[in-house]
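Inside the fold
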Amino acid sequence: MSAINLDLLTSFQPHFYLVGGAVRDGLLNLPIKDKDYLVVGLSAEQMLSAGFTAVGKDFPVFLHPQTKEEYALARTEKKQGQGYTGFICYSSPDVSIEEDLQRRDLTINAIALAANGDIIDPYQGQDDLNKRILRHVSDAFIEDPLRVLRVARFAGRFRHLNFIIAEETLALMQKISASGELSSLSAERIWQEMHRALGQDNPEVFFNTLQQCGALKAIWPDLDKLWGIPNPALWHPEICSGLHSMMVVEQAAKLSDKTSVRFAALCHDLGKGITPSDKYPSHHGHEKSGLPLVEKICTQLKIPNDHKKLALKVCEFHLHCHKAFQLKAATLLKVLNSLDVWRNKEIFEDFILACKADFLGRLGFENKDYPQADFLKDVMNAAVAVQAREFVEQGLTGVKIKQALEQARLNAIKAVIKNYQQ
């Protein structure tokens, strides 16, 4: 690694610009997480001579010798081939800051802050920040299919500030979705954007936006299919299964910070998408029929196992949760066994939260009580309190221990049921 040349570092300051999210969030008075810097008018050799470390693979990026923050040389991009990686980058000291900012996705992300405090805003990003508009910088927006997901994510991230997507930008997102370019995105990249969106306060906006522009049909057709499929009005005044799924993930975000809970809430009704239309609005057996669809999306997007496991359990047993007070002790024990609460009580807590979100995620149900949650927690705690140790101490062995344990847990669950019935 090159030695730090403090004189050069100081002389290079006018060439450094803070760019992207840090500038945008600073202007919005939001917390700044990461800082990215743009370097204009310098070569890679000059950066190395000042003590920077080269780390970029596709284009020149350097780590500051003291702060370790990233500094990227100004560049332009030319589309070649399909997908978000099909670009040829040109980086040189003669690339202007305006040229570099022009290749960015949204005007609000194409603002730079100079070392002397001057704001460089050639594409009116500040105006769009004030108007609360997500607008593309140039027609080059259409060259990168990943931008459809990014804009949808930004729409969710800034929902609390009332940002909307410009009509002309939404039209380009629809054009990209119809082009088939989304199929070039890797599973890892799609899940990365989806996971980040699930971690935001309004994950439903991300999926609603993708559905609106036709992208959801391309990347998750089994979820997209739910729009227009009716539910019984008595239990679903909102009627539409797609709308219900969005309301459920919205409620899940209020109940839990865990993306696994939110993902499970999103998957719970996938089975309704394959209900024969002559059976509408009934969806008998949709819990079991949805399981292969959960497996399918988890395999396609390489979704983590903890997310997959919870999503499968919520898909299969969410109606059991809603009907908890009507279930026999043996059925309740079956659910506990399936969730393996004996080794992982946390998954049961997450399961209940996702099921509660399903109940609350209906028009007019948002503030209703869900006593099933407390009841099922009491059932679980009573059953978990029964340990095999006491039967071993009685001298039982082998299968007799298992039988005695099951019966004792059944009795414990029956006692809880009886207590709630009094």
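Right above here is the structure, for reference.
Below is a summary of the structure that appears in this document. Per-chain numbering applies: the sequence of each chain, read as written, is numbered from 1 onward. Given that this is a predicted model, residues contribute local features only at a pLDDT of at least 70 and side-chain atom pairs are listed and counted only at 80 or more, while totals for whole chains, interfaces and linings are drawn from all residues. Side-chain numbers come from the whole structure's heavy atoms, not from hydrogens or water.

**Overview of the side chain of His322**
Inspection of the secondary structure puts His322 in helix H16 (residues 305-322). When accessible area is computed with a 1.4 Å probe and restricted to protein chains, residues below 20% of their type maximum are described as buried, those above 50% as exposed, and intermediate ones as partly exposed. The exposure class assigned to His322 is buried, which follows from its relative accessible area of 14%. Separated by 2.7 Å, the side chains of His322 and Tyr370 make a polar contact. Working rule for contacts: check all heavy atoms of both residues, and any pair within 4.5 Å makes them a contact. Not counting the four nearest positions on each side in its chain, His322 is found in contact with Cys355, Asp358, Phe359, Arg362, Tyr370 and Gln372. Numbering of helices and strands starts at the N terminus; helices are DSSP runs of H or I of at least 4 residues and strands are runs of E of at least 2. Here a polar contact is recorded for every N or O atom pair within 3.5 Å, except that within protein the pair must consist of a potential hydrogen donor and a potential acceptor, and residues adjacent in sequence are included only if both atoms are side-chain atoms.

**Brief notes about the sheet that holds strand S5 (residues 70-73)**
Two strands are counted as paired when DSSP detects at least two bridges linking them. If you walk across this open sheet you meet the 7 strands as S3-S4-S5-S2-S1-S8-S9, and the pairing is mixed. If you trace the sheet from one side to the other, it starts and ends with strand S3 (53-54) and strand S9 (119-120), each paired once.

**Remarks on the environment of Phe59**
Assignment of secondary structure puts Phe59 in the loop between S3 and strand S4 (61-63). For the pair Phe59 and Tyr90, spaced 31 residues apart in sequence, the C-alpha to C-alpha distance is 8.1 Å.

**Some details on the packing of aromatic side chains**
Only Phe, Tyr and Trp rings are paired, with Trp represented by its six-membered ring, and only when their centres lie within 6.5 Å; those with planes under 30 degrees apart are stacked, over 60 edge-to-face, the remainder tilted. Scanning the model with the defined rule gives 16 aromatic pairs in all. Geometrically, the ring pair formed by Phe359 and Phe365 is edge-to-face, given 5.5 Å between the ring centres and 70 degrees between the ring planes. Comparing Phe359 with Phe365, the two get one shared label, buried. Ring plane angle 40 degrees and centroid distance 5.1 Å describe the contact between Phe359 and Tyr370, whose orientation is recorded as tilted. Taken together, the residues span a long stretch of sequence, with Phe359 in helix H18 (residues 345-360) and Tyr370 in the loop between H18 and helix H19 (372-384) at a distance of 11 residues. Residue classification places Tyr370 among the buried positions, given a relative accessible area of 7%.

**Re helix H17 (residues 329-339)**
Here H17 has its buried residues at Ala329, Leu332, Leu333, Val335, Leu336 and Leu339. Down the axis of H17, the smallest arc covering the buried residues is 155 degrees, so these residues share one side. Buried residues belonging to H17 abut H16, H18, H19 and helix H21 (399-421). Two residues or fewer past H17, Asp340 is found with a positive phi of approximately 55 degrees. Picture the helix axis, draw a direction to every C-beta atom, and the arc is the one those directions span.

**A look at the side chain of Arg362**
Position of Arg362 relative to the elements: it lies in the loop between H18 and H19. A distance of 3.3 Å separates the side chain of Arg362 from the side chain of His236, its partner in a polar contact. One polar contact links the side chain of Arg362 to the main-chain carbonyl oxygen of Asp358, over a distance of 3.0 Å. Each residue touching Arg362, except ones within four places of it in the same chain, is listed here: Trp235, His236, Glu238, His244, Met247 and His322.

**With respect to the pairing of S5**
Side-chain direction in a regular strand flips from residue to residue, so the side chains alternate between the two faces of the sheet. Pairing between strand S2 (residues 36-39) and S5: 4 bridges, direction parallel. Its bridge partner being in S5, Leu38 is matched across the sheet by Ala72. Pairing between S4 and S5: 3 bridges, direction antiparallel. Looking across to S5, one finds that Leu63 is bridged to Glu70.

**Focus on the pattern of salt bridges**
Salt bridge criterion: a side-chain nitrogen from Lys or Arg within 4 Å of a carboxyl oxygen from Asp or Glu. The final tally for this structure, using the stated rule, is 21 salt bridges. Between Lys302 and Glu188 there is a salt bridge, with its nearest N and O atoms 2.8 Å apart. Taken as a pair, Lys302 in the loop between helix H15 (291-300) and H16 and Glu188 in helix H8 (residues 187-198) lie far apart in primary sequence, 114 residues in all. Overall, Glu188 belongs to the partly exposed group, its relative accessible area being 44%.

**What about the nonpolar core?**
In this structure, Phe207, Trp220, Phe263 and Phe351 are the most contacted members of the largest nonpolar core, which totals 108 residues. Contact partners of Phe351, with chain neighbours within four places excluded, come to Leu310, Lys313, Val314, Phe317, Cys321 and Leu339. The nonpolar core is taken to be a set of buried Ala, Val, Leu, Ile, Met, Phe, Trp, Tyr and Cys residues, with the residues joined through side-chain atoms within 4.5 Å.

**A look at unusual backbone geometry**
In this chain, Tyr280 is followed by Pro281 through a cis amide linkage whose omega measures 0 degrees. As for its placement among the helices and strands, Pro281 is situated in the loop between helix H13 (259-267) and helix H14 (286-289). The backbone of Gln124 sits at a positive phi, close to 60 degrees, despite the residue not being glycine. Within the element layout of this structure, Gln124 appears in the loop between S9 and helix H5 (125-131). Even without a glycine there, the phi angle at Ile239 is positive, about 65 degrees. By the secondary structure assignment, Ile239 is in the loop between helix H11 (221-224) and helix H12 (241-255).

**Some remarks on a nonpolar patch on the surface**
A cluster of nonpolar side chains, Leu27, Leu113 and Ile119, forms an exposed patch at the surface whose accessible area comes to about 200 Å². As for its placement among the helices and strands, Leu27 is situated in helix H2 (residues 21-27). Taking relative accessible area as the criterion, Leu27 reaches 34% and is therefore assigned partly exposed. Patch criteria: residues need more than 30% relative accessible area and no salt bridge. Like-charged residues are merged within 9 Å; nonpolar side chains of Val, Leu, Ile, Met, Phe, Trp and Tyr are merged within 5 Å. Surface exposure here means Shrake-Rupley accessible area, sampled with a 1.4 Å probe, where a residue is shielded only by the protein chains that are shown.

**What about the pairing of strand S1 (residues 16-19)?**
Neither face of S1 is open: one carries Phe16 and Leu18, the other Tyr17 and Val19, and all of them are buried. Here 4 bridges tie S1 to S2, and the two strands are oriented antiparallel to one another. From the neighbouring strand, Phe16 faces S2, where its bridge partner is Val39. Of the strand pairs in this sheet, S1 and strand S8 (residues 112-114) are connected by 3 bridges, and their pairing is antiparallel.

**What to know about the packing of helix H7 (residues 167-179) against helix H9 (residues 203-213)**
Packed helices, taken two at a time, are described by their axes: the angle between them and the distance between them. Geometry is summarised by axes, namely lines fitted to C-alpha atoms with helices restricted to the contacting stretch, and by angles between N-to-C directions that run from 0 to 180 degrees. Orientation of H7 relative to H9, taken along the N-to-C sense of each, is 70 degrees, at an axis distance of 8 Å. In terms of orientation, H7 lies roughly perpendicular with respect to H9. Contact residues: H7 offers Leu170, Met173, Gln174 and Ser177, while H9 offers Thr209, Gln212 and Cys213. Here roughly perpendicular refers to angles of 65 to 115 degrees, roughly parallel to angles under 35, roughly antiparallel to angles over 145, and oblique to all remaining angles.

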